[in-house]
Every structure is written in structure tokens, then in C-alpha cells.
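# Working through the structure, step by step
Letter by letter, the chains look like this.
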Amino acid sequence: MSEHNHVVKKDGELDMSKMDDAINRIDDGEKDRILNDFDSFKSYLHKRIQLAQSIGLNEEQLAQAAEKVAGYLATNEEPRNSEEKLLQELWKVGTQEEQHNLAHLLLKLAQGGTAH
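In this report, the structure presented in the accompanying data block is examined. (Residues numbered from 1 in each chain as written. Predicted model: local features only at pLDDT ≥ 70, side-chain atom pairs only at ≥ 80, totals over all residues. Heavy atoms only, no water.)

### Quick notes on the overall build of the protein chain
Condition: Only runs of H or I of at least four residues qualify as helices and only runs of E of at least two qualify as strands under DSSP, and these elements are numbered from the N terminus. In what follows, a contact means two residues having at least one pair of non-hydrogen atoms within 4.5 Å.
Across its full length, the protein chain carries 6 helices and 0 strands. The long-range fraction of contacts in the protein chain, counting pairs at least 24 apart against all pairs at least 6 apart in sequence, stands at 61%.

### Considerations on the side chain of histidine 100
To keep it simple, the criterion reads: Between N or O atoms, a polar contact is any pair within 3.5 Å; within protein, one atom must be a potential hydrogen donor and the other a potential acceptor, and residues adjacent in sequence are included only when both atoms are from side chains.
One can find histidine 100 in helix α6 (residues 96-110). Within the structure, histidine 100 has its side chain in polar contact with the side chain of glutamate 67 (distance 2.3 Å). Those residues within four positions of histidine 100 in sequence are excluded, and the remaining contacts are Glu60, Ala63 and Glu67.

### Examining the packing of aromatic side chains
Quick note on the threshold: For Phe, Tyr and Trp, rings pair up if their centres lie within 6.5 Å, where Trp contributes its six-membered ring, and each pair is then called stacked (planes under 30 degrees apart), edge-to-face (over 60) or tilted (otherwise). Each residue gets one of three labels from its accessible area relative to the maximum for its type: buried under 20%, exposed over 50%, partly exposed in between, using a 1.4 Å probe on protein chains only.
The final tally for this structure, using the stated rule, is 1 aromatic pair. Summarising the aromatic geometry, the rings of phenylalanine 38 and phenylalanine 41 are spaced 5.9 Å apart at their centres and angled 35 degrees between planes, so their arrangement reads as tilted. Pair noted here: phenylalanine 38 and phenylalanine 41 are both in helix α3 (residues 38-54), with a separation of 3 residues, about one helical turn. Overall, phenylalanine 38 belongs to the buried group, its relative accessible area being 14%.

### Overview of the environment of glutamate 60
Considering the arrangement of structural elements, one finds glutamate 60 in helix α4 (residues 59-76). Judged by its relative accessible area of 35%, glutamate 60 falls in the partly exposed class. For the pair glutamate 60 and histidine 104, spaced 44 residues apart in sequence, the C-alpha to C-alpha distance is 8.1 Å. Those residues in contact with glutamate 60 that lie beyond four places of it in its chain are His100 and His104.

### Topic: α4
Helical geometry: 3.6 residues make up each α-helical turn, so side chains three or four residues apart lie on a common side. Selection criterion: Expected helix span is given by 1.5 Å per residue-to-residue step, counting one fewer step than there are residues.
Taking 1.5 Å of rise per residue, 18 residues should cover 26 Å, and α4 covers 25 Å from first to last C-alpha, within 8% of that figure. Regarding α4, the residues found buried are Gln61, Leu62, Ala63, Ala65, Ala66, Glu67, Ala70, Gly71, Tyr72 and Ala74. Tucked into the core, α4 has its buried residues touching α1 (19-24), α2 (28-35), α3, α5 (82-93) and α6.

### A word on the pattern of salt bridges
Side-chain pairs of opposite charge can arise whenever the charged atoms involved come near each other. Filter applied, for reference: Should a side-chain nitrogen of Lys or Arg be within 4 Å of a carboxyl oxygen of Asp or Glu, the pair is scored as a salt bridge.
A complete count under the given rule lists 6 salt bridges for this structure. Note that glutamate 30 is salt-bridged to arginine 33, the shortest N-O span being 2.8 Å. In this pair, glutamate 30 and arginine 33 both sit in helix α2, 3 residues apart, roughly one turn of the helix. A residue is classified by how much of its surface remains accessible, and arginine 33, at 46% relative accessible area, is partly exposed. Between lysine 85 and glutamate 89 there is a salt bridge whose closest N-O contact spans 3.0 Å. Pair noted here: lysine 85 and glutamate 89 are both in helix α5, with a separation of 4 residues, about one helical turn. Its relative accessible area of 35% is what places glutamate 89 among the partly exposed residues. Connected through shared salt-bridge partners, Lys31, Asp32, Glu77 and Arg80 make up one network.

Here it is, written out as C-alpha cells:
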């Protein structure tokens, strides 16, 4: 994959402008597999968090990425289970600060409650 497609730049910083492209590159079958049940979703997040940490991203960078993904999901994907529906509703009624805090909580949840 060429450099211009990467969400993480060579200097280790996130390029948030590339997040939508990265999300859109996930094919529909894979999205269905990830979002079909909440445990699959958490497992997928857990693996992605581990990968991001292994290349040096810190918790704040992870939360920023989680915010972007959560915003995308809330706007573009129909919830496939009650947990996703609750998260979508919380996201939609939250202020930007509350959404940022929810992103941190999602990271913590996906890490098995061991964030920080």
C-alpha cells in the first residue's frame, strides 16, 4: 500500500483526514462480520488497539481515532444489536466533549477494562 493511503504518518502522527478512506476500504462483508454482534465488534477493536499501540500511538491518539470511527458508524451504519443501538443513541445526544469521553470508554471496554 502506498504512503498516501496510511492513516499513521511516518512521524507517528495520525492523519485524521485519511480515516474516512480507511473505513470505506473495509468491504461490506467484513463490516457485517465485525458489526454483527457486540463481542465481534469489541474483539475487532481490541486487535486494532493492540496494533496501534505497537506502532506507538498513545491513548489520546487512539481516542481521536475512536471518535472518528464512532462518528462514522453513528452516521453511516445501522446498529445490528442493542448495544450498538445504545452507543449510537448516546453518541448522537452527546456533546463533543461527551463523545470524546465515550471514545475513551470504548477503548477501555475493548481493552478489557485495563486502559490508563
